[in-house]
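# Working through the structure, step by step
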Amino acid sequence: MTSDVRPDEDGAVTPSGRQRPPRDRVALRGDLRAALPDAGAAVTVTVLVFALLWARMESGASDTVAVMPFMDDPGTYWMYLLSQAFGWSALLWAWGTVMLGLLLSGPRPARLPVSRQVLERWHRTTSLTTMALMFAHALMFAAELVRYETKADWAERVWVAFADTFVPGWYDSGTGRVAIPIGQGALYLAVPLGLLFYVRHRIGANTWRRLHRFVIVVYVLSVWHTLLYGTNVWYGEWPRTVLWLLQLPVALLLLLRLLRPARRAERLGPPGGGAARPGWWARAAGRVAVAAVVVGLVAAAVSGRDGGRDRPTHPPATAPHAQETD
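Residues numbered from 1 in each chain as written. Predicted model: local features only at pLDDT ≥ 70, side-chain atom pairs only at ≥ 80, totals over all residues. Heavy atoms only, no water.

## Thoughts on the environment of Gly304
For Gly304, the location among the structural elements is in the segment after α12 (278-303). On a C-alpha basis, the gap between Gly304 and Thr241 in space is 7.2 Å, while along the polypeptide they are 63 residues apart. (Helix = DSSP H or I, 4+ residues; strand = E, 2+ residues; numbered from the N terminus.)

Written out as structure tokens, the structure is:
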């Protein structure tokens, strides 16, 4: 006599007499548990990045201090450094989860180091970790603004910090007027697009699949936000070049994914139909655009013309406004 007890994806077993969800349904609770080791690794990386940024600020080698000389005291601006560290970890984890997603949705590799099910679980857990890191990045930025605005009372400081960090168009200083709304757009798209996976049985697999394609937009916005506002890659030097080069494998995998999609319905095929086939022309234009991005990334890295600023010979102005001292 055989048993009807079967292991779920996260290793739990469900008795035969209890109603079990469909086999293709993955519970958020299970993925949150599975994401704990991944989140622990992300925290470790964040701590290491934070220590590096602190050491560079203490030594006078920090690009952040070169951009904003008043931030020459890591003991005072540690929350800003922690926000930077969370931001870099978030971008690294976003890079990893996008690479996994493109690997899974593109042509099936002949060999994989682990099973496809494990790669899919890694893709989901790294997505959850990325969302948490993005939120931590924004939260520590808001905390630094609360600490900085010493001239107002606590209620006003908290409100202004919240608005500057989370309300699009509110922040009105320098490059942040553009860069911060871009980062907000990445955060506000990442959360629903990431969590829609867990309700795809309600909205339909095809609807979820169409919406999930916009995850690449989240990644593009994240990189754009970093290039505009990341003081550690502000200048046209090797850190910025490395950041550009890291986008090359993403663009190449995306191009391969478009040229050789795993789903037959997404293959380009012969044009036919002329103007009656706008979908064909849209897919063709997407492939051309991504190919142009690949060429542009290589050109930017080789030529060094990647939008970086020249390091000034004289330091810029100090603090935006005078701060009160305790």
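## Focus on the confidence of the model for the chain
Across the chain, pLDDT averages 83, with 82% of residues at or above 70. Segment residues 1-21 is flagged for pLDDT under 50; beyond a separation of four residues in sequence, or across chains, it makes 23 contacts in the model. Scored below 50 in pLDDT, residues 320-326 makes ten contacts in the model with residues more than four places away or belonging to other chains. (pLDDT = per-residue confidence, 0-100. Contact = heavy atoms within 4.5 Å.)

## Some remarks on helix α11 (residues 238-259)
With 22 residues, α11 should reach 32 Å at 1.5 Å per residue; the first-to-last C-alpha distance of 32 Å fits that figure. Taken as a whole, α11 has its buried residues at Arg240, Leu243, Gln247, Val250, Ala251, Leu254, Leu255, Arg257 and Leu258. For α11, the angular spread of the buried residues around the axis is 145°, confining them to a single face. Facing away from the buried side of α11 by over 90 degrees, the exposed positions are Trp238 and Leu259. (Expected span 1.5 Å × (residues − 1). Buried < 20%, exposed > 50% of the residue type's maximum accessible area, 1.4 Å probe, protein only. Arc of directions from axis to C-beta.)

## With respect to the packing of helix α6 (residues 154-166) against helix α7 (residues 176-195)
Where α6 contacts α7, the axes come no closer than 8 Å and their chain directions differ by 80°. By the angle class used here, α6 and α7 are roughly perpendicular. Across the interface between the two elements, Asp164, Thr165 and Phe166 from α6 touch Ile180, Gln184, Leu187 and Tyr188 from α7. (Axes fitted to C-alpha atoms, helices over the stretch in contact; angles between N-to-C directions. Parallel < 35°, antiparallel > 145°, perpendicular 65-115°, else oblique.)

## Considering the pattern of salt bridges
Counted by the stated rule, this structure contains four salt bridges. Residues Asp31 and Arg124 are paired through a salt bridge, measuring 2.6 Å at the closest nitrogen-oxygen approach. One end of the pair, Asp31, is in helix α1 (residues 28-34); the other, Arg124, is in helix α5 (residues 116-148), with 93 residues separating them in the sequence. Between Asp306 and Arg240 there is a salt bridge whose closest N-O contact spans 3.7 Å. One end of the pair, Asp306, is in the segment after α12; the other, Arg240, is in helix α11, with 66 residues separating them in the sequence. (Salt bridge = Lys/Arg side-chain N within 4 Å of Asp/Glu carboxyl O.)

## Describing the nonpolar core
Counting 50 residues, the largest nonpolar core has Met71 and Phe141 as its most contacted members. The set of elements that each furnish at least two residues to this core consists of α2 (36-59), α3 (63-67), α4 (78-105), α5, α6, α7 and α10 (215-229). The element best represented in this core is α5, accounting for twelve residues. Met71 has contacts with Met57, Thr64, Val65, Tyr77 and Tyr80, leaving out every residue within four places of it along the chain. (Core = buried A, V, L, I, M, F, W, Y, C linked by side-chain atoms within 4.5 Å.)

## So, a nonpolar patch on the surface
A cluster of nonpolar side chains, Leu189, Val199, Ile203, Leu211, Phe214 and Val217, forms an exposed patch at the surface whose accessible area comes to about 420 Å². The residue Ile203 is located in helix α8 (residues 200-203) in this model. (Patch = residues over 30% accessible without salt bridge, like charges linked within 9 Å, V, L, I, M, F, W, Y side chains within 5 Å. Areas by Shrake-Rupley, 256 points an atom, 1.4 Å probe, with all protein chains shown as cover.)

## Quick word on the side chain of Ser89
Following the sequence through the fold, Ser89 ends up in helix α4. When its relative accessible area of 0% is taken as the criterion, Ser89 is described as buried. At 2.7 Å, the side chain of Ser89 and the side chain of Thr46 are in polar contact. Excluding residues that lie within four positions of it along the chain, Ser89 makes contacts with Ala42, Val45, Thr46 and Leu133. (Polar contact = N/O pair within 3.5 Å; in protein donor to acceptor, adjacent residues only side chain to side chain.)

## Quick notes on the packing of α4 against α5
Relative orientation of the contacting elements α4 and α5 amounts to 160°, with a least axis distance of 7 Å. As the angle between them shows, α4 and α5 are arranged roughly antiparallel. As α4 runs across α5, the sense of the crossing is left-handed. When its residues are assigned to classes, the contact of α4 with α5 shows 19 nonpolar, twelve polar and four charged. (Left-handed = near helix turned anticlockwise from the far one by under 90°. Nonpolar A, V, L, I, M, F, W, Y, C, P; charged D, E, K, R; others polar.)

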